[in-house]
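What the coordinates show
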Amino acid sequence: MSSVQSNTSSNIPFEVFADAEAASAALARVMCERINANAATGKQTVLGLATGSTPIKLYQNLIRLCKNGAVSFKDVTTFNLDEYLGLAGDHPRSYRRFMDENFFDHIDIDKARTHVPSGLVSKEEAAAQCAEYEEQILRAGGLHMQVLGIGRNGHIGFNEPGSRADSRTRLLELNGITRADAANDFGGLENVPTHAITMGIATILQAKEIFLLAWGKGKSEIIAKALSTAPTSDIPATFLRSHPNVRAYIDEAAASVLQAPVRP
Ligand code: GLP
């Protein structure tokens, strides 16, 4: 069971679920309803997708619904948030590979309609590629739904602290916390890329609907700050507050600080 919260400690509506599985299953159903409603009127759906451990259960639920025949991704186009600079699409830690293995290879989507920024551009070429990515999103008709995780420092995509509300898809330098959090995956901090390409805050905010996901105790401090702090570049996720149709899906562990009783 979930409970919809709209208390004064949060300016972004959020819903608390018993665990990540329950939240992911609920969000998967919402996304399928939207995709099916669009398909019923002959419209495609454009999804903005995220990587990291957070959306894995969401993808598993969507795969299950697709295999059950409850939804088809034949008329779905996707754009991922980000990619590490320097990694080829088949690199084990690339976000392209992550998406293929955790989602695209298991659904009926046309791979040509799945977009992940290329990590194989020079710093000089990056600006042109980023502008083209923005164009591709516009040509597809804009993002209908954007799925987001949150970094421990409040980043969304790879929009690190310091990112501006009007930022667009661009190359940026990764923050120390972000690189440290990725060190295990890369077998040591020295192997973690120093730069990445990410959709900007303004790119994300152009989505019609945004879902922010957070699970586990490790995310409890940052999600509480993200949901209740006035918009600031110090915590990029706070910029979501200005969006008219954003909702956070949180499990009980991640909600523990947000819902802690206020001491007199
Ligand atoms: C990376 C990704 C983000 C993601 C974050 C949190 O930095 N670029 O999109 O939200 O990690 O990852 P996790 O979901 O594993 O906690």
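Below or above, wherever it landed, is the structure these notes cover. (Residues numbered from 1 in each chain as written. Predicted model: local features only at pLDDT ≥ 70, side-chain atom pairs only at ≥ 80, totals over all residues. Heavy atoms only, no water.)

**Structural notes on helix H3 (residues 95–102)**
Rules: Only protein chains enter the calculation, and the probe is 1.4 Å; a residue is then buried if its accessible area is under 20% of its type maximum, exposed if over 50%, and partly exposed in between. Secondary structure is summarised from DSSP: a helix means a run of H or I of at least four residues, a strand means a run of E of at least two, and numbering begins at the N terminus for each. Between two residues, a contact is recorded if the distance between any of their heavy atoms is within 4.5 Å.
Buried within H3 are the following residues: Tyr95, Arg96, Phe98, Met99 and Asp100. Those residues of H3 that are buried are in contact with strand E3 (45–49), helix H2 (56–67), strand E4 (76–80), strand E5 (82–84) and strand E6 (114–115).

**Regarding the layout of surface pockets**
As a reminder, the rule being used: Think of a 1 Å grid over the protein atoms and nothing else: a 1.4 Å probe that fits but is trapped marks a cavity, an open set flanked by protein within 12 Å on at least five of seven lines marks a pocket, and residues with an atom within 4 Å of a point count as lining. Grid points are joined across faces, edges and corners, and a volume is the space filled by probe spheres set on the points. Polarity classes work like this: nonpolar for Ala, Val, Leu, Ile, Met, Phe, Trp, Tyr, Cys and Pro, charged for Asp, Glu, Lys and Arg, and polar for all others, with Gly in that last group.
Approximately 820 Å³ is the volume attributed to the largest pocket. For the largest pocket, the lining is made up of 36 residues, of which Thr51, Gly52, Ser53, Tyr95 and Asp185 are closest to its centre. Listing elements by their share of the lining of the largest pocket, those giving two or more residues are E5, H3 and helix H5 (176–186). At seven residues, H5 tops the list of elements feeding residues into the lining of the largest pocket. Grouping the constituent residues of the lining of the largest pocket by class yields 14 nonpolar, 14 polar and eight charged.

**A short note on the site of the ligand**
Condition: Whether a residue is near a molecule or strand depends on its heavy atoms: it is near if one of them lies within 4 Å of it. In protein, a polar contact means a hydrogen-donor-capable atom and an acceptor-capable atom, both N or O and within 3.5 Å, with residues adjacent in sequence counting only if both atoms are side-chain atoms; elsewhere, any N or O pair within 3.5 Å suffices. Only the protein chains shown count as cover for residues, and the accessible areas themselves come from Shrake-Rupley with a 1.4 Å probe. Cavity and pocket membership follows a simple rule, namely that a molecule belongs there if more than half of its atoms are within 2 Å of the grid points.
Around the ligand, the surrounding shell consists of Gly52, Ser53, Thr54, Asp82, Tyr95, Gly149, Ile150, His155, Gly157, Phe158 and Lys219. At 2.8 Å, a side-chain N or O of His155 approaches an oxygen atom of the ligand. Protein contacts shield 84% of the accessible area of the ligand, which totals 390 Å² for the unbound molecule. A majority-of-atoms criterion places the ligand in the largest pocket.

**Some thoughts on the sheet that holds strand E8 (residues 170–173)**
Here is the rule we go by: Any two strands are treated as partners once DSSP identifies two or more bridges connecting them. For every element, the axis is a line fit to its C-alpha atoms; helices are fit only across the contacting stretch, and the angle between N-to-C directions ranges from 0 to 180 degrees.
In spatial order, the strands read E5-E9-E8; together these three strands make up an open sheet with antiparallel pairing. Edge positions in the sheet fall to E5 and E8, since each has one partner strand and no second. For this sheet the average axis-to-axis angle between neighbouring strands, irrespective of direction, equals 25°. With four bridges joining them, E8 and strand E9 (residues 195–198) adopt antiparallel strand pairing. Across the sheet, the residue bridging to Arg170 is Thr198, located in E9.

**Structural notes on the packing of aromatic side chains**
Just so we agree on the cut-off: By convention, a stacked pair of Phe, Tyr or Trp rings (six-membered ring in the case of Trp) has centres within 6.5 Å and planes under 30 degrees apart, an edge-to-face pair has planes over 60 apart, and any other such pair is tilted.
Per the stated rule, a full pass over the model turns up ten aromatic pairs. Through successive ring pairs, a cluster of aromatic residues spans Tyr59, Phe73, Phe103 and Phe104.

**Quick word on the side chain of His243**
Within the secondary structure, His243 is located in the loop between helix H7 (220–228) and strand E11 (246–251). A polar contact is formed between the side chain of His243 and the backbone nitrogen of Asn245, at a distance of 2.9 Å. The contact partners of His243, leaving out residues within four places of it in the chain, are Leu205, Ala207, Lys208, Glu209 and Ile210.

**Considerations on H5**
Here is the rule we go by: As used here, the arc belongs to the directions running from the helix axis to the C-beta atoms.
Taken together, the buried positions of H5 are occupied by Thr178, Arg179, Ala182, Ala183 and Phe186. All buried residues of H5 lie within an arc of 155° about the axis, which places them on one face of the element. Where H5 is buried, its residues meet E5. The backbone nitrogen of Ile177 lies 2.7 Å from a side-chain oxygen of the residue at the head of H5, namely Asn175. Positive backbone phi, approximately 70°, marks Gly187, located one or two places after H5.

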